[in-house]
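Listed here are the chains, written in short residue letters.
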Amino acid sequence: MMSRLSIPHTHFDLQYVRPDFIMLRVIALNLIMWSRVHPSNDWIQSQIPEIIKNGVKGLSDEVGDDDEMDAEAFVQAYVHIVAGACISL
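What you are looking at is a predicted structure, and each value in this text was computed from that prediction instead of being measured.

Peer 1: So what's going on with the layout of surface pockets? Which residues, and what values?
Peer 2: What the largest pocket holds in volume is close to 190 Å³. Contributing to the lining of the largest pocket are eleven residues, with Ile7, Leu29, Asn30, Ser46 and Gln47 lying nearest its centre. Every element with two or more residues in the lining of the largest pocket is listed here: α2 (19-32) and α3 (41-46). Of the pockets and cavities examined, the second largest pocket occupies roughly 150 Å³. Looking at the second largest pocket, it is lined by ten residues, and the ones nearest its centre are Leu14, Gln15, Pro19, Ala73 and Gln76.

Now the structure itself:
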């Protein structure tokens, strides 16, 4: 059950999962693993996979057309994961 609720950890997987489903996965996973939920910024940051953290951190103002879609996917995933973690609290 837990594997079906996992957050995408690769760029390929990120392209094929809608951001709102990522948020629902975060909420469902945290409801199942309720004992591991902690109301802290560190816990919220621990919910975000490294590929998404690095993708958002690496954004720049000069983004090409091909990279624009990738940047949007990273930002939407980041926002939806943080929102899902906050709702879980």
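Past the structure itself, the notes keep going.
Peer 1: Give a detailed account of a nonpolar patch on the surface, specifying residues and quantitative values.
Peer 2: Together, Leu59, Val75 and Val79 give the surface a local cluster of nonpolar side chains, amounting to about 210 Å² of exposed area. Within the element layout of this structure, valine 75 appears in helix α5 (residues 65-88). Since its relative accessible area comes to 34%, valine 75 is described here as partly exposed.

Peer 1: Can you explain the pattern of salt bridges? Please cite residues and give values.
Peer 2: Per the stated rule, a full pass over the model turns up two salt bridges. Note that aspartate 20 and arginine 18 form a salt bridge whose closest N and O atoms lie 2.6 Å from each other. With relative accessibility at 48%, the residue arginine 18 sits in the partly exposed group.

Peer 1: Go over the packing of aromatic side chains, please, and point to the residues and values.
Peer 2: For the coordinates displayed, the defined rule picks out one aromatic pair. Centre to centre, the rings of phenylalanine 12 and tyrosine 16 are 4.9 Å apart; their planes meet at 55 degrees, and the pair counts as tilted. The class for phenylalanine 12 is exposed, based on a relative accessible area of 56%. A relative accessible area of 64% places tyrosine 16 in the exposed class.

Peer 1: Quick rundown of the nonpolar core? Include the residues and the values.
Peer 2: Leu14, Ile22, Ile52 and Ile81 are the most contacted members of the largest nonpolar core, which totals 15 residues. Other than its neighbours up to four places away in sequence, isoleucine 22 contacts Ile7, Pro8, Leu14, Val17, Ala77 and Ile81.

Peer 1: Run through the environment of leucine 29, naming residues and quoting values.
Peer 2: In this fold, leucine 29 is placed in helix α2. On a C-alpha basis, the gap between leucine 29 and glycine 84 in space is 9.8 Å, while along the polypeptide they are 55 residues apart.

Basis of the calculations
Residues numbered from 1 in each chain as written. Predicted model: local features only at pLDDT ≥ 70, side-chain atom pairs only at ≥ 80, totals over all residues. Heavy atoms only, no water. 1 Å grid on protein atoms, 1.4 Å probe; cavity = no way out; pocket = protein on both sides within 12 Å on 5 of 7 lines; lining within 4 Å. Points joined across faces, edges and corners; volume = space filled by probe spheres on them. Helix = DSSP H or I, 4+ residues; strand = E, 2+ residues; numbered from the N terminus. Patch = residues over 30% accessible without salt bridge, like charges linked within 9 Å, V, L, I, M, F, W, Y side chains within 5 Å. Areas by Shrake-Rupley, 256 points an atom, 1.4 Å probe, with all protein chains shown as cover. Salt bridge = Lys/Arg side-chain N within 4 Å of Asp/Glu carboxyl O. Buried < 20%, exposed > 50% of the residue type's maximum accessible area, 1.4 Å probe, protein only. Phe/Tyr/Trp six-rings, centres within 6.5 Å; stacked < 30°, edge-to-face > 60°. Core = buried A, V, L, I, M, F, W, Y, C linked by side-chain atoms within 4.5 Å. Contact = heavy atoms within 4.5 Å.

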